[in-house]
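# Commentary on secondary and tertiary structure
The lines below spell out each chain.
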Amino acid sequence: MRLFIGIGLPPKLAERLAHAARTLVAAGERSRIRWTPPENLHLTISFLGQVEPARLGGIERALSLLHSPPLHLQLEGLGVFPNAGILYTQAKPSPALLSFAEQVFRAMETGGFSREPRPYTPHITLARSKGRVHLNVHEQSNPAFHQRFEAHEFRLYESFTLPGGAQYEMLSAFSLV
């Protein structure tokens, strides 16, 4: 199983982000880009990678013990991970979000998962590309990429690699109260 932990988006926000993202890239570049469908948009917390199914119960137990109030999240514009060919909208790394992410990282480390060596960059992946993505600079001010929302849960997802791109299935949801 290929697993990760994230925060799902409200459906209307996901639709708005997906629609706005498709306007960002020059027409000639669109054919080499795989857009993230609205139902797959999420704020990534931690990628666990390939996991034996026997470990699923332990992961779910560890995540069920985490406590955080609902998270007030704010999107702060666009960004690109150039080496990975990823277009994203960044979430403000608020103290509450960073504290919650740290709880997740520690719980997963206790369960035997290595922490990502790169610093945590809270983001929502909008698209993946083979090669670099060139943005229309004026789109940075698009209000779709500067929104706020409140998260009342976080989720454990399984990722499936399909010919048309990744598909995600929510395995478990955990309340933020």
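Everything that follows concerns the structure shown earlier in this document.
Now for a look at the structure at hand. (Residues numbered from 1 in each chain as written. Predicted model: local features only at pLDDT ≥ 70, side-chain atom pairs only at ≥ 80, totals over all residues. Heavy atoms only, no water.)

Quick look at the pairing of strand β4 (residues 71–81) now. Relative to strand β7 (residues 148–151), β4 runs antiparallel, the two sharing four bridges. Note that in β7 the partner of His72 across the bridge is Glu150. Hairpin geometry of β4 and strand β5 (residues 86–91) is characterised by an intervening segment of four residues between the two adjacent antiparallel strands and by a positive phi of about 65 degrees at Gly85. (Pairing = 2+ DSSP bridges. Helix = DSSP H or I, 4+ residues; strand = E, 2+ residues; numbered from the N terminus.)

On to the pattern of salt bridges. If you walk through the whole model with that rule in mind, you get five salt bridges. Arg115 serves as the salt-bridge partner of Glu109, at 3.1 Å between the closest nitrogen and oxygen. A cluster of three or more residues bridged by salt bridges with shared partners is formed by Glu102, Arg106, Glu109 and Arg115. (Salt bridge = Lys/Arg side-chain N within 4 Å of Asp/Glu carboxyl O.)

It is worth spelling out helix α3 (residues 95–110) at this point. In an α-helix, one turn spans 3.6 residues; hence positions three or four apart end up facing the same way. Helix length check: α3, at 16 residues, gives a terminal C-alpha distance of 22 Å against a target of 22 Å (1.5 Å per residue), a fit within 8%. Listed in full, the buried residues belonging to α3 are Leu97, Phe100, Ala101, Val104, Phe105, Ala107 and Met108. With its buried residues spanning 165 degrees around the axis, α3 presents them on a single face. Opposite the buried face of α3, by more than 90 degrees, sit the exposed residues Pro95, Arg106 and Thr110. Contact partners of the buried residues in α3: β1 (2–8), β3 (42–50), α2 (56–64), β4, β5 and β8 (153–162). Gly112 sits one or two residues past α3 and shows a positive phi near 95 degrees. (Expected span 1.5 Å × (residues − 1). Buried < 20%, exposed > 50% of the residue type's maximum accessible area, 1.4 Å probe, protein only. Arc of directions from axis to C-beta. Contact = heavy atoms within 4.5 Å.)

Quick look at the sheet that holds β1 now. Taken in spatial order, the four strands line up as β3-β1-β8-β9 in an open sheet, and their pairing is antiparallel. Looking at strand neighbours, the two that pair on one side only are β3 and β9 (165–175), the edges of this open sheet. Each strand of the sheet is rotated relative to its neighbour by a mean of 25 degrees, with strand direction disregarded. With four bridges joining them, β1 and β8 adopt antiparallel strand pairing. (Axes fitted to C-alpha atoms, helices over the stretch in contact; angles between N-to-C directions.)

Moving on, we come to the packing of aromatic side chains. Per the stated rule, a full pass over the model turns up six aromatic pairs. Ring centres 4.4 Å apart and planes at 25 degrees place the aromatic pair Phe81 and Tyr88 in the stacked group. Ring geometry for Phe105 against Tyr120: centres 5.5 Å apart, planes inclined by 75 degrees, an arrangement best described as edge-to-face. Placement of Phe105 in helix α3 and of Tyr120 in the loop between α3 and β6 (123–129) is noted, with a sequence separation of 15 residues between them. When its relative accessible area of 14% is taken as the criterion, Phe105 is described as buried. The exposure class assigned to Tyr120 is partly exposed, which follows from its relative accessible area of 22%. Joined through ring pairs, the aromatic side chains of Phe4, Tyr157 and Tyr168 make up one cluster. (Phe/Tyr/Trp six-rings, centres within 6.5 Å; stacked < 30°, edge-to-face > 60°.)

Attention now goes to empty space enclosed by the protein. Inspection of the entire model under this criterion finds one cavity of 30 Å³ or more. In this structure, the largest cavity encloses a volume near 60 Å³. What lines the largest cavity is Ser46, Phe47, Leu48, Phe105, Met108, Glu109, Phe113, Ser114, Arg115 and Glu116. Looking at the lining of the largest cavity, the elements with two or more residues in it are β3 and α3. Here the residues of the lining of the largest cavity are counted per class, giving five nonpolar, two polar and three charged. (1 Å grid on protein atoms, 1.4 Å probe; cavity = no way out; pocket = protein on both sides within 12 Å on 5 of 7 lines; lining within 4 Å. Points joined across faces, edges and corners; volume = space filled by probe spheres on them. Nonpolar A, V, L, I, M, F, W, Y, C, P; charged D, E, K, R; others polar.)

What follows is about the sheet that holds β6. Here five strands make up an open sheet; going across it, the order is β2-β6-β5-β4-β7 and the pairing antiparallel. With partners counted over all chains shown, the strands left at the sheet margins are β2 (33–35) and β7, one partner each. Going from strand to strand, the sheet's axes swing by 35 degrees on average, the running direction of each strand aside. Strand contacts of helix α1 (residues 11–21): β2, β4, β5, β6 and β7, with the helix running at about 35 degrees to β6, the strand carrying the most contacts.

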